[in-house]
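# Report on the structure
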Amino acid sequence: MRKFAPIRPDMLMYGQKTEDIKMPVRATKHAVCYDCYSPIDEVIEAGDTKLIFINCKAYCNEDEGFMLSATSGMGKRGVMLAQGVGIIESDYADCESNDGNIGFMLFNHGKEPYIVKKGDKIGQIFFFKFLTVDDEEEIKNVRKGGFGSTNKQ
């Protein structure tokens, strides 16, 4: 099952309330990505990086994941994801440390400050199905942490 949901109220950031969360949406009938929106005003100075959480999570099937990317409009202004692209596994939703809160690490490699207003698009989500090798040994590690925690067991 693929769906978006607000994170738990005790995990909300920026003083936001659950009823104020703007869920990701597709802008057009044939759009392949879901647009994500900033819950805060933020200025990203030239050469600086800021992490903005959208206060919602995404559920997907065990053989699926989702990818985060910047929008083309952001790219025209010199803003991109700091890591280029973000890959998130199905077990990120409901993780202990942040309840699966989706965060966009934005890097401004432009020459001017990039101004983000509450409600602005700050990225996109693309769901995908993945394959594994047939002779893979069973993996028993279970995710405990949130953003950037996969190798911290």
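From a predicted model like this one, the values you see are computed outputs, not experimental measurements. (Residues numbered from 1 in each chain as written. Predicted model: local features only at pLDDT ≥ 70, side-chain atom pairs only at ≥ 80, totals over all residues. Heavy atoms only, no water.)

### Overview of unusual backbone geometry
Glycine aside, residues mostly have negative phi, and peptide bonds are mostly found in the trans state. At N55, a residue that is not glycine, the phi angle is positive and equals roughly 60°. Tracing the backbone shows N55 in the loop between β4 (49–53) and β5 (56–59). Residue class for N55 comes out buried when judged on its relative accessible area of 0%. Positive phi outside glycine occurs at D99, with the angle close to 60°. (Helix = DSSP H or I, 4+ residues; strand = E, 2+ residues; numbered from the N terminus. Buried < 20%, exposed > 50% of the residue type's maximum accessible area, 1.4 Å probe, protein only.)

### Details of the side chain of D35
By secondary structure assignment, the location of D35 is in strand β2 (residues 34–37). Within the structure, D35 has its side chain in polar contact with the side chain of Q124 (distance 3.4 Å). The contact partners of D35, leaving out residues within four places of it in the chain, are P24, V25, A27, K121, G123 and Q124. (Polar contact = N/O pair within 3.5 Å; in protein donor to acceptor, adjacent residues only side chain to side chain. Contact = heavy atoms within 4.5 Å.)

### Observations concerning the pairing of strand β8 (residues 86–89)
Residues in a regular strand project their side chains so that they alternate between the two faces of the sheet. Here β8 shows one buried face, formed by G86 and I88, and one open face, formed by I87 and E89. Sheet topology note: the strand β6 (residues 64–69)/β8 ladder contains four bridges and is antiparallel. The residue bridging L68 from the neighbouring strand is G86, located in β8. (Pairing = 2+ DSSP bridges.)

### Side note on the sheet that holds strand β11 (residues 121–129)
Read from one edge to the other, the open sheet built from four strands follows the order β2-β11-β6-β8, with strand pairing classed as antiparallel. Two strands bound the open sheet, and with one partner strand each, they are β2 and β8. Averaged over all neighbouring strand pairs, the angle between strand axes comes to 30°, with direction disregarded. Sheet topology places β6 next to β11; six bridges connect them, and they run antiparallel. Within β11, the position partnered with M67 by the bridge is F126. (Axes fitted to C-alpha atoms, helices over the stretch in contact; angles between N-to-C directions.)

### Describing the nonpolar core
Core analysis: the biggest nonpolar cluster contains 30 residues, and F66, L68, I102, F104, L106 and I125 have the highest contact counts within it. For this core, the secondary structure elements donating two or more residues are β4, β5, β6, β7 (79–81), β9 (103–108), β10 (114–116) and β11. Counting residues per element, this core draws most heavily on β11, at three residues. Other than its neighbours up to four places away in sequence, L106 contacts I44, D48, T49, K50, I52, M74, V79, M80, L81 and I122. (Core = buried A, V, L, I, M, F, W, Y, C linked by side-chain atoms within 4.5 Å.)

### Topic: a negative patch on the surface
A grouping of D134, D135, E136 and E137 is seen on the molecular surface, where their side chains present a negatively charged patch. Structurally, D134 can be placed in the segment after β11. According to the relative accessible area criterion, D134 is exposed, its value standing at 83%. (Patch = residues over 30% accessible without salt bridge, like charges linked within 9 Å, V, L, I, M, F, W, Y side chains within 5 Å. Areas by Shrake-Rupley, 256 points an atom, 1.4 Å probe, with all protein chains shown as cover. Salt bridge = Lys/Arg side-chain N within 4 Å of Asp/Glu carboxyl O. Lys, Arg positive; Asp, Glu negative; His and termini not counted. Charge placed at Lys NZ, Arg CZ, Asp CG, Glu CD.)

Function cannot be read off these values alone, since they describe shape.
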